[in-house]
Amino acid sequence: MNIDLHAHILPKADHGSDSVETSLKQVDLAREAGIDLLAATPHFYPSTDTAEAFLERRQRCLAELRSRLGQDAPQILPGAEVQLCRGIDHLQQIRQLCYEGTNVILLELPGDFRFKQFERSIESLQYDCGLTVVFAHVDRYPELAEPLMDAGYLGQLNASSLCSLFKKKRLYRWIEQGSIVALGSDIHGTKTGYSEFLRAQKNLGSLYDEIMSRSRRLLSK
Ligand SMILES: [Fe+2]
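First things first, this report covers the structure right here in the doc. What you are looking at is a predicted structure, and each value in this text was computed from that prediction instead of being measured.

## Quick look at empty space enclosed by the protein
Turning to step 1, where the next piece is worked out: Scanning all chains against the criterion turns up 1 cavity of 30 Å³ or more.
Turning to step 2, where the next piece is worked out: Along the walls of the largest cavity sit A159, S185, T192, G193, Y194, E196 and F197, which together make up its complete lining.

## Focus on the environment of L65
Turning to step 1, where the next piece is worked out: Along the chain, L65 falls in helix α2 (residues 51-66).
Turning to step 2, where the next piece is worked out: Judged by relative accessible area, L65 falls into the buried class, the value being 0%.
Turning to step 3, where the next piece is worked out: Contact partners of L65, with chain neighbours within four places excluded, come to I9, L10, P11, V20, S23, L24 and V27.

## Considering the coordination of the iron ion
Turning to step 1, where the next piece is worked out: Within the protein, the atoms that donate to the iron ion are H6 (NE2), H8 (NE2), E81 (OE) and D186 (OD), at distances of 2.1 to 2.3 Å.
Turning to step 2, where the next piece is worked out: In this structure, the iron ion is coordinated by 4 donor atoms arranged in irregular fashion, with angles at the metal of 84 to 166 degrees.
Turning to step 3, where the next piece is worked out: For the iron ion, all donor residues lie on one chain, and their spacing in sequence is H-x1-H-x72-E-x104-D. Taken together, the residues span a long stretch of sequence, with H6 in the loop between β1 (3-4) and α1 (20-32) and E81 in strand β5 (residues 81-83) at a distance of 75 residues.

## So, the packing of helix α5 (residues 169-176) against helix α7 (residues 206-219)
Turning to step 1, where the next piece is worked out: Two elements in contact, α5 and α7, have axes separated by 11 Å at closest approach and are oriented at 55 degrees. Taken together, the axes of α5 and α7 are oblique relative to one another. Where α5 crosses over α7, the two elements pack in a sense that is left-handed. Contacts from Y172, I175 and E176 in α5 reach L207, I211 and R214 in α7.
Turning to step 2, where the next piece is worked out: Class assignment for the residues of the contact of α5 with α7 results in 4 nonpolar, no polar and 2 charged.

## Side note on the packing of aromatic side chains
Turning to step 1, where the next piece is worked out: Counted according to the given criterion, the structure contains 5 aromatic pairs.
Turning to step 2, where the next piece is worked out: Between F44 and F54, the ring centres sit 5.1 Å apart and the planes meet at 50 degrees, which makes this aromatic pair tilted. With a gap of 10 residues between them, F44 in strand β3 (residues 43-44) and F54 in helix α2 connect regions that are remote in the sequence.
Turning to step 3, where the next piece is worked out: The buried category is assigned to F44, whose relative accessible area is 1%.
Turning to step 4, where the next piece is worked out: With relative accessibility at 1%, the residue F54 sits in the buried group.
Turning to step 5, where the next piece is worked out: Among the aromatic residues, ring-to-ring pairing joins Y194, F197 and Y208 into one connected group.
Turning to step 6, where the next piece is worked out: The side chain of R86 reaches across the aromatic face of F118, ending 4.6 Å from its centre.

## Let's talk about the sheet that holds strand β6 (residues 104-108)
Turning to step 1, where the next piece is worked out: Within the open sheet, the 6 strands sit side by side as β3-β5-β6-β7-β8-β9. Their pairing is parallel. What marks the edges here is a single partner per strand, and that holds for β3 and β9 (180-184).
Turning to step 2, where the next piece is worked out: The pairing of β5 with β6 spans 3 bridges and is classified as parallel. Opposite E81, over in β6, you have L106 as the bridge partner.

## What to know about the side chain of E146
Turning to step 1, where the next piece is worked out: Here E146 lies in helix α4 (residues 142-150).
Turning to step 2, where the next piece is worked out: With residues up to four places along the chain from it excluded, the contact list for E146 reads R170, R173 and W174.

## Comments concerning the sheet that holds β1
Turning to step 1, where the next piece is worked out: Ordered in space as β1-β2-β4, the 3 strands form an open sheet in which the pairing is parallel. Edge positions in the sheet fall to β1 and β4 (75-78), since each has one partner strand and no second.
Turning to step 2, where the next piece is worked out: Two elements, β1 and strand β2 (residues 37-40), share 2 bridges in a ladder whose sense is parallel. The partner of I3 across the bridge, within β2, is L37.

What counts and what doesn't
- Residues numbered from 1 in each chain as written.
- Predicted model: local features only at pLDDT ≥ 70, side-chain atom pairs only at ≥ 80, totals over all residues.
- Heavy atoms only, no water.
- 1 Å grid on protein atoms, 1.4 Å probe; cavity = no way out; pocket = protein on both sides within 12 Å on 5 of 7 lines; lining within 4 Å.
- Points joined across faces, edges and corners; volume = space filled by probe spheres on them.
- Helix = DSSP H or I, 4+ residues; strand = E, 2+ residues; numbered from the N terminus.
- Buried < 20%, exposed > 50% of the residue type's maximum accessible area, 1.4 Å probe, protein only.
- Contact = heavy atoms within 4.5 Å.
- Donors = N, O, S within 2.8 Å, 3.2 Å for Na, K, Ca; no water.
- Tetrahedral: all angles 85-135°; square planar, octahedral: opposite > 155°, others 65-115°.
- Axes fitted to C-alpha atoms, helices over the stretch in contact; angles between N-to-C directions.
- Parallel < 35°, antiparallel > 145°, perpendicular 65-115°, else oblique.
- Left-handed = near helix turned anticlockwise from the far one by under 90°.
- Nonpolar A, V, L, I, M, F, W, Y, C, P; charged D, E, K, R; others polar.
- Phe/Tyr/Trp six-rings, centres within 6.5 Å; stacked < 30°, edge-to-face > 60°.
- Lys NZ or Arg CZ within 6 Å of the ring centre and 35° of its normal.
- Pairing = 2+ DSSP bridges.

The values are spatial; any link to function lies outside them.
Listed below in structure tokens is the structure:
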């Protein structure tokens, strides 16, 4: 089973897709690449948006897309790419921001991230709220993500980080130690499509299947 846990495919939910036609093209590219389960993870920025407005928008955009999907389309799983901020653990709707039907939340690090300053909020999400925290595209900020991976938190890699034949040692170390539990296309628009996902799959070899197994287990939490 091929799972993409990070994609911006909902029409006008964020800057990932400007129309339902673009979204349908994105879903079609995913289908062609053999993706079975495609998470729709629009950005949620707590500093400029409310959870109520975000959830209403996501629902509306998802319904619009689903009404146009073909029968052979991948399964779409609603989620969110939630920007971490201090106090986010107190957000009333925090569970509704998880991948639907799970206690798993995808968090994006803010530009001013420092582990010590955000540690309390992250710990509270994980231990007080009982969520499983997965950090989005940790390949983008490996230095910032390193203390999180060391502390036992989980991460998602963008497929684009695994395309080169030159293996990035740190990313492979995280995969081998079990920290990486998901891959994502992080697709915005249709230009890059799924070619990177397919290349990453090829480069990872058996590690790809291992990550997909971890994603399946993750979604059963
Ligand atoms: Fe993203």
